[in-house]
Amino acid sequence: MKRSYTSCGELNAGNIGDTVTIKGWVNRRRDHGGLIFLDLRDRYGITQVVANPENAPEAHRTAEGVRGEFVLAVTGEVGRRPEGTENPNMATGEIEVVVSTIDVLNPSKTPPFYVNEESDVDESLRLRYRYLDIRHPRMQRNLRIRHQAVKFIRDYLDDRDFLEIETPIMVKSTPEGARDYVVPSRLYPGEFYALPQSPQQLKQLLMISGVDRYYQIARCFRDEDLRADRQPEFTQLDLEMSFVDREEVLELTEGLFREMFKQIAEKPLQQTTFPRMSYHDSILRYGTDKPDVRFGLEISDVSQVIQDSEFGVFANTVSSGGVVRGFAIPGRAEIPRSQVDALTEAAQGFGAKGLVWIGLESGENGLAARSPIAKFLSDGEVRGLADATGASAGDLMLFVADAEDRAAEVLGRLRNHVAEQYNLIDESVHAFVWILDFPLFEWDEDAQRWDAAHHPFTSPMDEDIPYLDSDPGRVRAKSYDLVLDGYELGSGSIRIHDRSIQNRMFGLLGYSEEQVEARFGHLLRAFEYGAPPHGGIAPGIDRTIMLLAGEQNIREVIAFPKNQSGQDLLMGAPSPIEPEQLDELHLQLNLPPEPDEENS
RNA sequence: GGAGGCGUAGUGUAGUGGCCUAACACGCUGCCCUGUCAAGGCAGAGAUCGCGGGUUCGAAUCCCGUCGCUUCCGCCA
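Rules used in this analysis
Residues numbered from 1 in each chain as written. Chains lettered and ligands numbered in written order. Predicted model: local features only at pLDDT ≥ 70, side-chain atom pairs only at ≥ 80, totals over all residues. Heavy atoms only, no water. Near = heavy atom within 4 Å. Polar contact = N/O pair within 3.5 Å; in protein donor to acceptor, adjacent residues only side chain to side chain. Nonpolar A, V, L, I, M, F, W, Y, C, P; charged D, E, K, R; others polar. Buried < 20%, exposed > 50% of the residue type's maximum accessible area, 1.4 Å probe, protein only. Helix = DSSP H or I, 4+ residues; strand = E, 2+ residues; numbered from the N terminus. Pairing = 2+ DSSP bridges. Contact = heavy atoms within 4.5 Å. Axes fitted to C-alpha atoms, helices over the stretch in contact; angles between N-to-C directions. Phe/Tyr/Trp six-rings, centres within 6.5 Å; stacked < 30°, edge-to-face > 60°. pLDDT = per-residue confidence, 0-100. Salt bridge = Lys/Arg side-chain N within 4 Å of Asp/Glu carboxyl O. Patch = residues over 30% accessible without salt bridge, like charges linked within 9 Å, V, L, I, M, F, W, Y side chains within 5 Å. Areas by Shrake-Rupley, 256 points an atom, 1.4 Å probe, with all protein chains shown as cover. Lys, Arg positive; Asp, Glu negative; His and termini not counted. Charge placed at Lys NZ, Arg CZ, Asp CG, Glu CD.

**Concerning the protein's contact with RNA strand B**
In the neighbourhood of RNA strand B, 51 residues make up the surrounding shell, with R28, E54, T85, Y114 and H454 lying closest. One of the side-chain nitrogen or oxygen atoms of S198 is found 3.1 Å away from a base nitrogen of RNA strand B. Here N563 contributes a side-chain N or O atom positioned 3.3 Å from a phosphate oxygen of RNA strand B. For the surface near RNA strand B, the per-class residue count stands at 12 nonpolar, 19 polar and 20 charged.

Written out as structure tokens, the structure reads:
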């Protein structure tokens, strides 16, 4: 149904002569003593209103008392602005509403920050007054993009026979994974519901239920510390399909994201067919399982090249089982000392023992090295390093010698750091990439046992099943991560539907039969009644929208987010509850001691 | 839990040992002003420089502690 009044964005020259009523907030007021101009703002735009004391003395008197953010209903005739006073910067700049009456629907206090311009205001203040912050075009746009993306997802999946099904928010606590948020039970003293970390088990049950293609825009909860891309409650596109292999999940997901970005994103995709990379390759070439492939600086292993080097650090690292890896920065051979020091410091901050740099110059016999370790390097080694990293004269090579996983991590982070530092990221595109063939298990050093890398229902690759008992670290999973611009958007896998393999998984993870029964009994019983092969994925909605909107922080695409300390500054949560509420829930508080206030 | 950055009128910033009785812009209040659109002009109010302690003849400025925000590490099957 059309609204009964006119919005602030729709009037144009075609409406000249119409009598209209527009409603909205006062964006700006310009008082000329005689004429008063008011810019009225709503979601759809801004329209100039002019109050003339000669035509409408009463309305003019009202306009004198109006201030920013007052809510008005203005009635008047749409007029063409006088020759020479049109504003080409405004969508409605050809016209104005010549006031006959102004109705102040509500006054406003002076806002604590500017609503009529974008400025870099302290985020706590924005969050405390989020309802004012959301009046900004930036937030309006972000929330609109979010709506469009979610609507696109629903339409796309609806076209492909998916059913959207809601699963409970109050579920059962499982000690797996992240810390649970829990809800005390009034009816069962001492017992608790948990909020879902994801609807993982429920969607698998829906597959057994014959739903066959399920999705949900699912709210998930994890009681872990926050980051720029992590909130304690967040939204996933949770989806699952029956009778599919990995390829079908990848194709469905890839199609969805490709079309969604084509329709909504402002930037094109670097490649419309998402590149695929094994976990192993990603760690080797990018030092991370969520590579940003919008820039080069690819990492190479040069251990073979310098294993016999006279430079002891290199040779010794390799002979003791470590690696030497590095990458080249094009055109930076002449790097000043201060920048070398800064890079070294950064690398050490990432966990490196040190950083070797080699500037390549053209010399008499080909390449010459400018480096503190130049005197230890043969011409052949310099050439070998250049070949391995793809460097040529004028480029700067950086190397780290360490244990394999440490070297990979340091270089991965250094690669991102350098790209940012030297502006090497192609910000004009989005780059998706699939990371495949993750290991099924990770070794938990603290607990001295194998842990599920994804979750315990992830299927091993068929050809790796023989190594389940003999060499668990070698077993690859039928799992996959969708990565965009260096952010992990989501993970998925083909699940185990074979009870005997599931039992072997639990055995390897060190669960006793009692633990298995207590945690997963319901799911395993369901698997005994005809579970179809199935698999799915769960991309994060907030991160996707963040990247679609070009934001650096998911709080910018969430209407009412928590701050980094996990507080809702607008509502004031968390907060104490009444003793009566505690009693009803059979709870007693066991608070940490108050900090000593004697010295304050 | 750890590391870095930040904290000065309502907002954004300047000021890094005395010239600070803390400056500038916007906002706010009052007056003037009939074609502005970041309107303009004049006048004015508004800050115990996050908080506490210390060094010093003297601290927004240096030191110590503490609190808040933020980014990262740990954590996030």
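**As for the pairing of strand β16 (residues 396–402)**
Every regular strand shows the same layout, with side chains that alternate between the two sheet faces. Burial of β16 is extensive: 7 of the 7 residues sit out of reach of the surface. Here β16 shows a buried face lined by L396, L398, V400 and D402 and a second buried face lined by M397, F399 and A401. In this structure, strand β13 (residues 323–329) lies alongside β16, joined through 7 bridges in antiparallel fashion. Within β16, the position partnered with F327 by the bridge is L398. Pairing between strand β14 (residues 356–363) and β16: 4 bridges, direction antiparallel.

**What about the sheet that holds strand β15 (residues 366–370)?**
Read across the open sheet, the 5 strands follow the order β12-β13-β16-β14-β15; overall the sheet is antiparallel. Strands at the two margins of the open sheet, each flanked by one partner only, are β12 (300–301) and β15. In the sheet, β14 pairs with β15 via 5 bridges, with the strands oriented antiparallel. Residue G363 lies in a different strand from β15, and its bridge partner there is G366. The strands that helix α12 (residues 404–421) touches are β13 and β16; relative to β13, the one it contacts most, it runs at about 10°.

**A look at the sheet that holds strand β2 (residues 36–42)**
In sheet architecture, strand pairing relies on hydrogen bonds along the backbone and comes in two forms, parallel and antiparallel. The 5 strands lie next to each other as β1-β2-β3-β5-β4, forming a closed barrel whose pairing is mixed. Averaged over all pairs of adjacent strands, the angle between strand axes in this sheet comes to 55°, irrespective of strand direction.

**Let's talk about the packing of aromatic side chains**
Any pair of aromatic rings gets described here by the distance separating the centres and the angle formed by the planes. Taken as a whole, this structure holds 17 aromatic pairs when the rule is applied. For the ring pair F274 and F432, a centre distance of 4.4 Å and an interplane angle of 10° mean the geometry is stacked. A residue pair is termed long-range when its members are at least 10 positions apart, and F274 in the loop between α6 (246–264) and β11 (276–278) and F432 in strand β17 (residues 432–436) qualify at 158 residues. Neither residue differs from the other here; F274 and F432 are each classed as buried.

**As for the confidence of the model for chain A**
Per-residue pLDDT for chain A has a mean of 93; in total, 98% of the residues score no lower than 70. Per the prediction output, this complex has pTM 0.94; the corresponding ipTM is 0.93.

**So, the pattern of salt bridges**
This structure, assessed with the given rule, holds 44 salt bridges. Here E266 and R141 are joined by a salt bridge, their closest N and O atoms 3.5 Å apart. Within this pair, whereas E266 is found in the loop between α6 and β11, its partner R141 is found in helix α4 (residues 137–158), the two being separated by 125 residues in sequence. Taking relative accessible area as the criterion, E266 reaches 65% and is therefore assigned exposed. Close ionic contact of R285 with E298 constitutes a salt bridge, the shortest N to O distance being 3.0 Å. Of the two residues, R285 sits in helix α7 (residues 279–286) while E298 sits in the loop between α7 and β12, which places them 13 residues apart along the sequence. Looking at R285, the relative accessible area reads 27%, which means it is partly exposed. One salt-bridge network, held together by shared partners, links R126, R130, D133, R138, E551 and E556.

**With respect to a negative patch on the surface**
Where like charges cluster on the molecular surface, the negative patch consists of D158, D159, D161 and D212. Structurally, the position occupied by D159 is in the loop between α4 and β6 (163–164).

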